[in-house]
Amino acid sequence: QLWTATGGASQRFSVEPRPHVLGEGAYTIASPSGLLVDLSHGSDEDGAQAVLFSPNEGLNQRWYLTPVDGRDGVYTVESLASAKRLAAGADGSVSQRAASDDASQWWRVDVETGYVRLESVSSPGTRLAAGGGSGARVGLSSADDPSTQRFSLAPAEAALPTGTYVVRLASDPS
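Residues numbered from 1 in each chain as written. Predicted model: local features only at pLDDT ≥ 70, side-chain atom pairs only at ≥ 80, totals over all residues. Heavy atoms only, no water.

### Quick word on the environment of Phe151
Here Phe151 is to be found in the loop between α1 (146-149) and β12 (152-155). C-alpha of Phe151 to C-alpha of Tyr115: the two residues are 36 residues apart in sequence and 5.4 Å apart in space. Residues in contact with Phe151, not counting those within four places in the same chain, are Ile29, Ala30, Ser31, Val37, Tyr115, Val116, Leu118, Leu128, Ala129 and Ala130. (Helix = DSSP H or I, 4+ residues; strand = E, 2+ residues; numbered from the N terminus. Contact = heavy atoms within 4.5 Å.)

Structural data, given as structure tokens:
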């Protein structure tokens, strides 16, 4: 309901800048086709390519977004499966790398109506792009192509799915 302006306390508001549009937390990243950003073969190796895959509730399809201190709207995107970050390659590839302060692991998240775009901070003007079916590589594209650069984020559980697991010491994988 609209009221006549009176200047009263109930009609005064303050506006505060919000440098990070997304809350820190676990998300799935879905392409326009509904396929999720995944790690090739669920790999935990440095250099494993980001790909699209059908949703399967695996940790390799869950990503933890963390705001980068001092960089408005910039996040790191870390795999819950490998604890490694998505990194933009100079060749236009997108793969996981061990966490570092390198700008190739920083992503500017632009929120638009109903979707987000992730722009590489190390390669301004290039965005995360994914086209094709299950198994297609995720890469970078400088073209403004809504059909490949629009992703949706959905909150995801950071916990392991229900199941039976073997826990091994990382220094002794036997």
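### Observations regarding the side chain of Gln96
The residue Gln96 is located in strand β7 (residues 94-97) in this model. Contact partners of Gln96, with chain neighbours within four places excluded, come to Leu39, Ser43, Asp44, Glu45, Asp46, Gly47, Ala48, Ser79, Ser82, Lys84, Arg85 and Leu86.

### With respect to the side chain of Thr126
Along the chain, Thr126 turns up in the loop between β9 (115-120) and β10 (127-130). Filtering out sequence-adjacent residues up to four positions away, Thr126 remains in contact with Leu118, Glu119, Ser120, Leu140, Ser141 and Ser142.

### Some thoughts on the confidence of the model for the protein
Here the protein averages 89 in pLDDT, while 93% of its residues score no lower than 70. Mean pLDDT across the elements of the protein bottoms out in α1 (86) and peaks in strand β6 (residues 85-88) (98). (pLDDT = per-residue confidence, 0-100.)

### Section: the pairing of strand β8 (residues 107-112)
Judged from the two bridges that link them, strand β5 (residues 74-79) and β8 form a sheet pairing that is antiparallel. Within the sheet, the bridge partner assigned to Val74 lies in β8 and is Arg108. Across six bridges, the pairing between β8 and β9 is antiparallel. Within β9, the position partnered with Asp110 by the bridge is Arg117. (Pairing = 2+ DSSP bridges.)

### A look at the pattern of salt bridges
All told, the structure shown has four salt bridges when counted by the stated rule. Of the charged contacts, one joins Glu112 and Arg117 as a salt bridge, the two residues approaching to 3.4 Å between their closest N and O atoms. Owing to a relative accessible area of 31%, Glu112 belongs among the partly exposed residues under this scheme. Under the relative-accessibility criterion, Arg117 is labelled buried at 6%. Salt bridges here are not isolated pairs; linked through shared partners, they connect Glu112, Arg117, Arg127 and Asp144. (Salt bridge = Lys/Arg side-chain N within 4 Å of Asp/Glu carboxyl O. Buried < 20%, exposed > 50% of the residue type's maximum accessible area, 1.4 Å probe, protein only.)

### Topic: unusual backbone geometry
For His41, which is not a glycine, the phi torsion comes out positive at approximately 60 degrees. Look at His41 and you get exposed, because its relative accessible area is 83%. Positive phi outside glycine occurs at Glu57, with the angle close to 65 degrees. By secondary structure assignment, the location of Glu57 is in the loop between β3 (50-53) and β4 (63-67). For Glu57, a relative accessible area of 62% puts it in the exposed group.

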